[in-house]
Amino acid sequence: MAAAPFDHARCSGCSLCRLVCPMWRQHRDPRFSPEGLARARQCDATAAELTAPLEACSLCGACDPVCPEGIDLSGMVMELRRDLSPALPYRQALDALQAKFALAAAAAEAPAAGALFLPGPALRAHPSLLARVKTLLGYACATDDGADIALALETGGEISPARRRRFLDGLDGRTLAVGDGLLLRQLRQWLPGARLQSLGAALASLMPIRRRIASTDFYVIEPRAYHADYERLVAYYDRLRAETGCALNLDLQRIAMPALTQALPHLAGPLVDADVAQARWMLQGRTPQRIVVESLADRAAFERVCDIPVLHLAELAQD
Amino acid sequence: MNIPPVEPGTVGPCPVAPDALQGIKRQQTNPARWNGAGWQAFVADLRTAGVELAESRAACGAYATDAGGTAYGQPHGVAIARSAGEVAALLRTAQAHRVPVTVRGGGLTTEGESVAYGGVLLDMTGMSRVLAIDATALTVRVEAGIYWHSLAEELRREKLDYLSAPLNLTSSVGGTLGVGGIDVNSARLGCSADQALSLQVVTPTGEIVECSDTENVELFQRVILGYGQFGVITEATLRVRPYTPLSMHYYYYSSLRTAIEDLQMLDRNDASDYSGILTIMDCAVNLLVAFDSDEREAAFRRDWEARLRGHGEFGFALCMLGHYALRPWKAGEALYLLKRKQAVFPEFRRPEYMRDNKMHDRSVVFSRAVWKHWGSRNMVIPDLATPADKFVAAVERGNAVCRKFFAHYTLYCVGIKLRPEHRPHYEMSCVPPDAEGWAYGCEFEPMIEGEVYSRDHFQAFKNAIYDIGVDLGASYYRFGGMMKGYIRRTFGDELVDKHLAMKRRADPAMILNRDVIF
Ligand SMILES: Cc1cc2nc3c(=O)[nH]c(=O)nc-3n(C[C@H](O)[C@H](O)[C@H](O)COP(=O)(O)OP(=O)(O)OC[C@H]3O[C@@H](n4cnc5c(N)ncnc54)[C@H](O)[C@@H]3O)c2cc1C
Ligand code: SF4
Ligand code: SF4
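For clarity, every value in this text was computed on a predicted model and none was experimentally measured. (Residues numbered from 1 in each chain as written. Chains lettered and ligands numbered in written order. Predicted model: local features only at pLDDT ≥ 70, side-chain atom pairs only at ≥ 80, totals over all residues. Heavy atoms only, no water.)

Undergrad: Where do I start with the overall build of chain A in this structure?
TA: Assigned secondary structure in chain A consists of 18 helices and 8 strands. The C-alpha atoms of chain A give a radius of gyration of 19 Å, which matches the 20 Å a tight globule of 319 residues would have. Taken along the three principal axes of its C-alpha coordinates, chain A extends 55 × 50 × 40 Å. Residues classed as buried in chain A amount to 59% of the 319 residues present. Here the analysis covers contacts within chain A between residues at least 6 apart in sequence; of these, 65% occur between residues at least 24 apart. Working note: accessible area of chain A is about 12800 Å², and carbon and sulfur atoms make up 53% of it. Within chain A, one finds 35 positive and 36 negative side-chain charges whose respective centroids are separated by 4 Å. (Helix = DSSP H or I, 4+ residues; strand = E, 2+ residues; numbered from the N terminus. Rg over C-alpha atoms; globule rule 2.2 N^0.38 Å. Buried < 20%, exposed > 50% of the residue type's maximum accessible area, 1.4 Å probe, protein only. Contact = heavy atoms within 4.5 Å. Areas by Shrake-Rupley, 256 points an atom, 1.4 Å probe, with all protein chains shown as cover. Lys, Arg positive; Asp, Glu negative; His and termini not counted. Charge placed at Lys NZ, Arg CZ, Asp CG, Glu CD.)

Written out as structure tokens, the structure is:
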């Protein structure tokens, strides 16, 4: 079992986390960085005092694997968001969305036996792509994919113990492909016996897809799932790069640059300028013929900044 | 020397005296906090000038210490640098109100040089963009708060790299140009400060000035390696080079002297592109040698490798086995070596950084290892910088001090190629005045390993190392902050008084980076 992560008290101020933090890149203000948050916590700053950076963090998780002190930085943000959450002016809207997802989950049937696919709301909003992914994976698709729980994790909302038990019931010990990177991160703690796969890695391992990744592609890894299982996936994607010759959205530290810097208040909203700037920066100095994304959310950002084809990974497989 | 007591928070008659940090002689003490006189009026004027200042507990508390983690102080307010114009307005206002301004880049000093003991903390990382890359002229113009790593990230998109930078990713260009910047290629390419072609500087009185070896020469000479005393660097033009991955070789020694002699032999003969020594105490001394091209590597193998007296990994392991088999009472040391090797070595061979046996992104590999295996909340890294001929003595004597003070430690030695035309830059800097051709530096870094040591233990250790420097007539990579009591002993009254007079002229209220050198 992995050693328990450490808390903000261990922060030595090395700033390595700043180098990979899209929120810092956007603001260039140390308060808007994991280091700034950890340092502020060392001075007993409250969640309310840290509202602006807590809202701005995209929970990409890039800071976690680079922290030499092993601090669970995105976990710290999530915990502080729980303290902050009740006071958020848009809490009602988030609660309404969570309730909508919870209602759908309540009507869900018990999950089928065997390997299971938890797509998440983004993919569910694209039924034809969802159907293609299901066929490719060959896993049963869970009707309760924990979308309300994923949203609560992200926004600091409440997850009742009963709801959590019902969602997790019968999932441990199984193979699960999870579309939501944040949920995947949490499931790694909640389901120690499950074989968890990110949707991206699960699809990229399939030969009909892998064969079609080209050396002229810019392949965009979904950051949350990647950083949550960094030690394993850094090797996995290095093999993918070596085999296919594609370029990856990894920086020099082999951290996945997120295309989206989407902050909490804009969670369900349209793209903001910062996202467009981030996607532009990712493409700077590159001339790919095609962009392949693991996450649908990233597709929109790239479509805004370039006119080359942007495909979801599942779309690479021939019909 | 008898120094009269000084009103807390004011500048004394001799801010460079051996006991200039007011406190108990040769024990660590933070400088007295500036007393805040006139702060509110200053803040009001600053706001009128359009400079944003954060005064909250969280904003100021984030800067309570530097990478050393032994000096503590809090600013009254924090300004994030956004433009040279804003920095100029800040300094003009601070000069008028006599408010101290401490500049901070990466904050990777270890002697409190980037800690503000009251007044304003000016965080330069707000100015951290690449402004222009000229791939033909091989130059880059950057804002000075940029981290070397962020610069590398952008240069790589153009298949370029910086020349040399500290092995820690998060030091800033401006902070490094002020103190030196030593890399494992410095024996060939010089220190980072040697790579600067021109700078935009905001003087302590708030003028924005471009300077170089041909324009405002005197300012350029004082700002380079000047510990931030003569101006805030806001932009820099640096030389860059094509990016190459490198092939790395390691040779292991059990004698510091032999390894240093071999290192200097390689440097003198330009036999490698990268060279340096990294040790586990004085038991396992690792000479690393690396190359940018296959041709250089082949020439090394042909002409120089056989002359090295170090062993390969396997041969050295056998030597160690024999050594410790005959000294069973040193089993603890042997076990430590083994554990350290198992923890550290894989870090330098992580497969995602190796392609076709070449190391990619060496600065990332080294820095990650440095932070993971040497970094901690307390970092005490005294050093000695000497001419080539005094270096063995300096390291051997420093090593004896380390043995006395700590159970485990690391030594890191590299050469710096000196540029004769840059001699004026080197005055009163980390480059020893009598060094010709190369200067050599050794950092003595104890492994804290969760132990708790008193600040006075650390200070006594640093004093013992720095006393060697005084004795040998050496200099130091770091001589500011808590070690500034050594400045007169090291550089002599005449030179120090000359620089102090220049500082007083440039900074009449002595506000910029007070307590660092002057
Ligand atoms: C783990 C670790 C490893 C290190 N490895 C190396 C190494 O390999 N090689 C090496 O050379 N050094 C090394 N150092 C030392 C450190 O890298 C240098 O002190 C560093 O280059 C300073 O850069 P910085 O941006 O952190 O400067 P800071 O610490 O922020 O500042 C340094 C000094 O410059 C002043 N200053 C900062 N920015 C400006 C500016 N823009 N204009 C004017 N003055 C300014 C500050 O007031 C301060 O006095 C290491 C330190 C640590 C903690
Ligand atoms: S999770 Fe991402 S955005 Fe949030 S602090 Fe970490 S690196 Fe920054
Ligand atoms: S990487 Fe970790 S230790 Fe370093 S500054 Fe960030 S939080 Fe602190």
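Undergrad: So what exactly am I meant to see when it comes to the site of ligand 1 here?
TA: Residue and element names in this part refer to chain B. Among the 34 residues in the neighbourhood of ligand 1, the closest are listed as Val103, Gly105, Gly106, Ser172 and Ile182. Ile182 places a main-chain nitrogen or oxygen 2.6 Å from an oxygen atom of ligand 1. Starting from 960 Å² of accessible surface for ligand 1 in isolation, the protein chains cover 97%. For the shell around ligand 1, the secondary-structure elements that each account for two or more residues are strand E2 (101-104), helix H5 (173-179), strand E9 (232-242) and helix H12 (362-373). For the shell around ligand 1, the leading source of residues is H5, giving 4 residues. Of the residues contributing to the shell around ligand 1, the split by class is 16 nonpolar, 15 polar and 3 charged. (Near = heavy atom within 4 Å. Polar contact = N/O pair within 3.5 Å; in protein donor to acceptor, adjacent residues only side chain to side chain. Nonpolar A, V, L, I, M, F, W, Y, C, P; charged D, E, K, R; others polar.)

Undergrad: I'm lost on unusual backbone geometry in this one. Help?
TA: A negative phi angle characterises most non-glycine residues, just as the trans form characterises most peptide bonds. Residues and elements named next belong to chain B. You will see that Asp270, though not glycine, has its phi angle at about 50 degrees, which is positive. Note that Asp270 resides in the loop between helix H8 (256-268) and strand E11 (274-280). Taking the relative accessible area as the measure of exposure, Asp270 reaches 36% and is therefore partly exposed. Phi is positive for Asn357, which is not a glycine, with a value near 70 degrees. Tracing the sequence through the fold places Asn357 in the loop between strand E13 (354-355) and strand E14 (358-359).

Undergrad: Sorry, what's going on with the pairing of strand E4 (residues 130-134) of chain B here?
TA: The side chains of a regular strand alternate, first on one face of the sheet and then on the other. Relative to strand E5 (residues 139-143) of chain B, E4(B) runs antiparallel, the two being bridged by 4 bridges. Each bridged residue has a counterpart across the sheet, and for Asp134(B) the counterpart in E5(B) is Thr139(B). (Pairing = 2+ DSSP bridges.)

Undergrad: Would you mind showing me how to read helix H17 (residues 493-506) of chain B here?
TA: Residues separated by three or four positions in an α-helix point in the same direction, a consequence of the helix having 3.6 residues per turn. Residues and elements named next belong to chain B. End to end, H17 covers 20 Å across 14 residues, agreeing with the expected 20 Å (1.5 Å per residue, within 8%). Listed in full, the buried residues belonging to H17 are Val496, His499, Leu500, Met502 and Lys503. Taken around the axis of H17, the buried residues stretch over an arc of 160 degrees, which confines them to a single face. When the buried face of H17 is taken as reference, the exposed residues oriented beyond 90 degrees from it are Glu494 and Arg505. (Expected span 1.5 Å × (residues − 1). Arc of directions from axis to C-beta.)

Undergrad: Any chance you could explain the site of ligand 3 here in plain terms?
TA: Surveying the vicinity of ligand 3 reveals the residues Cys11(A), Ser12(A), Gly13(A), Cys14(A), Ser15(A), Cys17(A), Glu35(A), Cys67(A), Pro68(A), Glu69(A) and Leu73(A). Counted by class, the shell around ligand 3 contains 6 nonpolar, 3 polar and 2 charged residues.

Undergrad: Help me out: how do you make sense of the interface of chain B and chain A in this one?
TA: By a widely used convention, the size of an interface equals the accessible area lost when the partners come together. Opposite the 42 residues of chain B that make contact, chain A presents 42 residues. Carbon and sulfur atoms make up 50% of the area that chain B and chain A hide from each other, which totals about 3600 Å². Per-residue buried area on chain B facing chain A is highest for Arg57(B), Arg157(B) and Arg377(B); these three make up 19% of the total on that side. Summed over the shared surface of chain B and chain A, the number is 3 salt bridges. A salt bridge links Glu231(A) to Arg350(B); the shortest N-O distance between them is 3.2 Å. Here chain B and chain A share 17 residue pairs in polar contact (both at pLDDT 80 or more) between them. Among the elements of the structure, helix H2 (57-61), helix H4 (148-157) and H12 of chain B are those that each provide at least two residues to the side of chain B that touches chain A. Among the elements that take part in the side of chain B that touches chain A, H4(B) stands out by supplying 7 residues, more than any other. Among the residues forming the side of chain B that touches chain A, the class breakdown is 13 nonpolar, 13 polar and 16 charged. (Buried area = accessible area lost by both parts, 1.4 Å probe. Salt bridge = Lys/Arg side-chain N within 4 Å of Asp/Glu carboxyl O.)

Undergrad: Mind showing me how you'd approach the domain arrangement of chain B here?
TA: Residue and element names in this part refer to chain B. On domain assignment, one finds that chain B holds domain 1 (39-125), domain 2 (127-242) and domain 3 (247-487). In this structure, domain 2 and domain 3 have C-alpha centres spaced 25 Å apart. In this complex, domain 2 contributes 29 residues to the contact, which on the side of domain 3 involves 36 residues. Buried area between domain 2 and domain 3, both sides added, is near 2800 Å², and the carbon and sulfur share of it is 51%. Sorting the residues of domain 2 by area buried against domain 3 places Leu167, Val184 and Arg188 first, and these three jointly supply 24% of that buried surface. Inspection of the region where domain 2 meets domain 3 yields 5 salt bridges. (Domains from an automatic or database assignment.)

Undergrad: Could you clarify how one ought to interpret the environment of Gly415(B) in this entry?
TA: All names here are of chain B. With respect to the helices and strands, the residue Gly415 is situated in strand E16 (residues 409-417). Gly415 gets classed as buried once you look at its relative accessible area, which sits at 0%. Along the chain, Gly415 and Gly332 lie 83 residues apart, while their C-alpha atoms are 33 Å from each other. Ignoring sequence-local partners within four residues, the contact set of Gly415 consists of Ser186, Ala187, Asp267, Ala439 and Tyr440.

Undergrad: What is the right way to read the sheet that holds strand E5 (residues 217-220) of chain A from this model?
TA: In a beta sheet, neighbouring strands pair by backbone hydrogen bonds and run either parallel or antiparallel. All names here are of chain A. Strand order in the open sheet formed by 4 strands is E6-E5-E7-E8, with parallel pairing between adjacent strands. Taken across any chain shown, the strands that pair with only one partner, and hence form the sheet edges, are strand E6 (247-248) and strand E8 (310-312). Pairing between E5 and E6: 2 bridges, direction parallel. Looking at E6, one finds that Phe218 is bridged to Ala247.

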